[in-house]
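Residue strings, one per chain:
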Amino acid sequence: MLVSSDYPYLQVRVTVRKQSLTFRALLDTGFDGYLIVPESLESQLGAPEFQVKTRLADGSENMRSQYFAGIEIIASGLVYVARLTLLGDECLIGQGIIRQLKVTFDHGKEVVVEP
């Protein structure tokens, strides 16, 4: 079990190819993908593995760079292989990962994560 007092964020380590980066990631229950990281990181991650048409919350659609990534929730021992999308300027964990966990948002004070 992991308890994060940095509500509603978790620390994650993302590995694409041989490059590993660590982020403070917002648990976004309204995002149905896996993980978003800032598009400014493309130069560090290298050429994207593929482009995917993505629909944003405002209904607009556009092509976004994606990678297959190892995603570790730090201090939990949990590691997933999932799609990572470059978008915006914030790191978001979406329902693709959240659905695989038991996540409790404890009254705005902490986030409890269990496998």
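Just so it is clear, the model here is predicted, and its values are computed rather than measured. Residue positions are given per chain, counting from 1 as you read along its sequence in written order. Local features are withheld for residues below a pLDDT of 70 in this predicted model, meaning they are given only at 70 or higher, and side-chain atom pairs are given and counted only at 80 or more; totals for whole chains, interfaces and linings count all residues. To get the side-chain values, take all heavy atoms of the structure and skip hydrogens and water.

Participant: Got a minute to help me understand the pattern of salt bridges in this structure?
Facilitator: Between side chains of opposite charge, pairing is possible as soon as their charged atoms come close. A pairing counts as a salt bridge when a side-chain nitrogen of Lys or Arg comes within 4 Å of a carboxyl oxygen of Asp or Glu. Using the criterion set out here, one finds 6 salt bridges in the structure. The salt bridge partner of Arg-24 is Asp-6, with a shortest N-O separation of 2.7 Å. Taken together, the residues span a long stretch of sequence, with Arg-24 in strand β3 (residues 19-27) and Asp-6 in the loop between β1 (2-4) and β2 (9-16) at a distance of 18 residues. Arg-24 gets classed as partly exposed once you look at its relative accessible area, which sits at 42%. In this structure, Glu-72 and Arg-13 form a salt bridge, with 2.8 Å as the shortest nitrogen-oxygen distance. Of this pair, Glu-72 sits in strand β6 (residues 61-73) while Arg-13 is found in strand β2, placing the two residues 59 residues apart along the sequence. The classification of residues rests on relative accessible area computed with a 1.4 Å probe and restricted to protein chains. Under 20% of the type maximum is buried, over 50% is exposed, and intermediate values are partly exposed. Among the residues examined, Glu-72 registers a relative accessible area of 23% and is labelled partly exposed. Through salt bridges with shared partners, a single network forms among Lys-53, Arg-55 and Glu-61. Going along the chain from the N terminus, every DSSP run of H or I of four or more residues is numbered as a helix, and every run of E of two or more is numbered as a strand.

Participant: Please explain the environment of Ala-82 as it appears in this structure.
Facilitator: Among the structural elements, Ala-82 can be located in strand β7 (residues 78-86). Overall, Ala-82 belongs to the buried group, its relative accessible area being 5%. Spatially, the C-alpha atoms of Ala-82 and Ala-25 are 15 Å apart, while their sequence positions differ by 57 residues. Among all residues touching Ala-82, those that are not within four sequence positions of it are Tyr-34, Tyr-67, Phe-68, Ala-69 and Ile-71. Note on contacts: a residue pair qualifies if any of its non-hydrogen atoms lie within 4.5 Å across the two residues.

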